[in-house]
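Examination of the molecular architecture
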Amino acid sequence: MKGIVFTEFLELVEDKFGLEVVEEIIEKSTLPSGGIYTAVGTYDFAEMLSLVKNLSEYTSISIDDLLYVYAEHFFDVLTSNYSGLIEKYKDPIELLSSIENHIHVEVRKIYPDAELPVFEILEKTDRLLVMIYKSSRAMYSFGLGLMYKTFEHYEATADIQLEKLKADGTEVKFTISKN
């Protein structure tokens, strides 16, 4: 997993809960990196899982809710640092439907070893997008947060339903209806 995901997560934790909580979750986690990350480094996903799990235990906030809030923060990072990718699209459905064939292609140019989820489009109209998310990391709540922030960015709203196709969340169907 790319280091920017770790650095931004720890920044969010510090902003929301304070430096003491960052230190606490790092100390409680098993981190081969020692909790020292660079944005361009690559780190084991198990470290992120450990950090999120320990933050969840410390705050009594579910892992899914933490990932959702983190996605909202991360979307702002993306719009600040990669606005050209996002501003190419004039509509949230267009942007979300381009994740696999454009956004992830561009991400791989910057981070060739990035392990990204797969998004398979099942149906797309001007107001509806049905897609399957596949990832061994089961971070579908992170994806859900990014989707809602995408609509907010375009000053639009949507009803987004998710259906776990696999109980562990490694395969999820999103049905996105633009309001």
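Further up the page is the structure itself.
Here is a short report on the structure shown in this document. (Residues numbered from 1 in each chain as written. Predicted model: local features only at pLDDT ≥ 70, side-chain atom pairs only at ≥ 80, totals over all residues. Heavy atoms only, no water.)

**Topic: the overall build of the protein chain**
Test applied: Helix and strand labels come from DSSP, where a helix needs a run of H or I of at least four residues and a strand needs a run of E of at least two; each type is numbered from the N terminus. The quantity called the radius of gyration is restricted to C-alpha atoms. Its globule counterpart is 2.2 Å times the number of residues to the power 0.38. Relative accessibility decides the category of a residue: with a 1.4 Å probe and only protein chains considered, values under 20% of the type maximum give buried, values over 50% give exposed, and everything between is partly exposed. Only heavy atoms enter the contact rule, under which two residues are in contact if any of them lie within 4.5 Å.
In terms of regular secondary structure, the protein chain is built from eight helices and four strands. N-terminal to C-terminal, the α/β element order of the protein chain is α-α-α-α-α-α-α-β-β-α-β-β. Against the compact-globule benchmark of 16 Å for 179 residues, the protein chain has a radius of gyration of 16 Å, which places it among compact chains. The principal-axis extent of the C-alpha atoms belonging to the protein chain is close to 50 × 30 × 30 Å. Looking at the protein chain residue by residue over its 179 residues, the buried ones come to 51%. Summarising the internal contacts of the protein chain: among those between residues at least 6 apart in sequence, 59% fall at separations of at least 24.

**Remarks on helix 4 (residues 63-81)**
Using the following cut-off: By this rule, a helix spans an expected 1.5 Å times one less than how many residues it contains.
With 19 residues, helix 4 ought to run about 27 Å at 1.5 Å a step, and its terminal C-alpha atoms sit 26 Å apart, in line with that. Those residues of helix 4 lying buried are L66, L67, Y70, A71, H73, F74, F75, V77 and T79. Looking at the buried side of helix 4, the elements it contacts are helix 1 (3-17), helix 3 (45-59), helix 5 (83-87) and helix 8 (140-153).

**Section: a negative patch on the surface**
For clarity, the cut-off: Patch membership is restricted to residues that have no salt bridge and whose relative accessible area is over 30%. Joining uses 9 Å for like charges and 5 Å for the nonpolar side chains Val, Leu, Ile, Met, Phe, Trp and Tyr. What sets the accessible areas is the Shrake-Rupley method with a 1.4 Å probe; for residues, cover comes only from the shown protein chains. Whenever a carboxyl oxygen of Asp or Glu lies within 4 Å of a side-chain nitrogen of Lys or Arg, that contact is scored as a salt bridge. Charge assignment in this entry is limited to Lys and Arg as positive and Asp and Glu as negative, and neither His nor the chain termini are counted. Here the site of a charge means atom NZ of a Lys, CZ of an Arg, CG of an Asp or CD of a Glu.
On the surface, E11, E14, D15, E20, E23 and E27 cluster together into a negatively charged patch. Looking at the negative patch, the elements that each hand over two or more residues are helix 1 and helix 2 (19-28). As for its position among the elements, E27 is in helix 2. Judged by its relative accessible area of 71%, E27 is exposed.

**Quick word on the sheet that holds strand 4 (residues 171-178)**
Just so we agree on the cut-off: In this scheme, strands are said to pair when DSSP sees at least two bridges between them. Lines fitted to C-alpha atoms define the axes here, with helix axes fitted over just the stretch in contact, and angles between the N-to-C directions of these axes take values from 0 to 180 degrees.
Read across the sheet, four strands follow the order 1-2-4-3 without closing on themselves; strand pairing throughout is antiparallel. Strands with a single pairing partner mark the edges of an open sheet, and in this sheet they are strand 1 (118-124) and strand 3 (158-164). Each strand of the sheet is rotated relative to its neighbour by a mean of 20°, with strand direction disregarded. For strand 3 and strand 4, the ladder comprises seven bridges, and the chain directions are antiparallel. Looking across to strand 4, one finds that Q161 is bridged to T175. Taken strand by strand, helix 8 contacts strand 1, strand 2 (128-134), strand 3 and strand 4, and its axis lies near 165° from that of strand 3.

**Side note on the environment of T170**
Rules: In protein, a polar contact requires one atom able to donate a hydrogen and another able to accept it; more generally it is a pair of N or O atoms within 3.5 Å, and residues adjacent in sequence count only if both atoms are side-chain atoms.
Checked against the element boundaries, T170 lands in the loop between strand 3 and strand 4. Residue classification places T170 among the buried positions, given a relative accessible area of 16%. Taking the C-alpha atoms as reference points, T170 and Y133, separated by 37 residues in sequence, lie 7.6 Å from one another. Setting aside residues up to four positions removed in sequence, T170 forms contacts with Y133, K134, S135, S136 and A138. Only 2.7 Å separates the side chain of T170 from the side chain of D168, close enough to count as a polar contact.

**Notes on unusual backbone geometry**
At S60, a residue that is not glycine, the phi angle is positive and equals roughly 65°. A positive phi angle, close to 55°, is found at A138, a residue other than glycine. Tracing the chain through its elements places A138 in the loop between strand 2 and helix 8.

Limitation: the analysis is restricted to geometry and does not speak to function.
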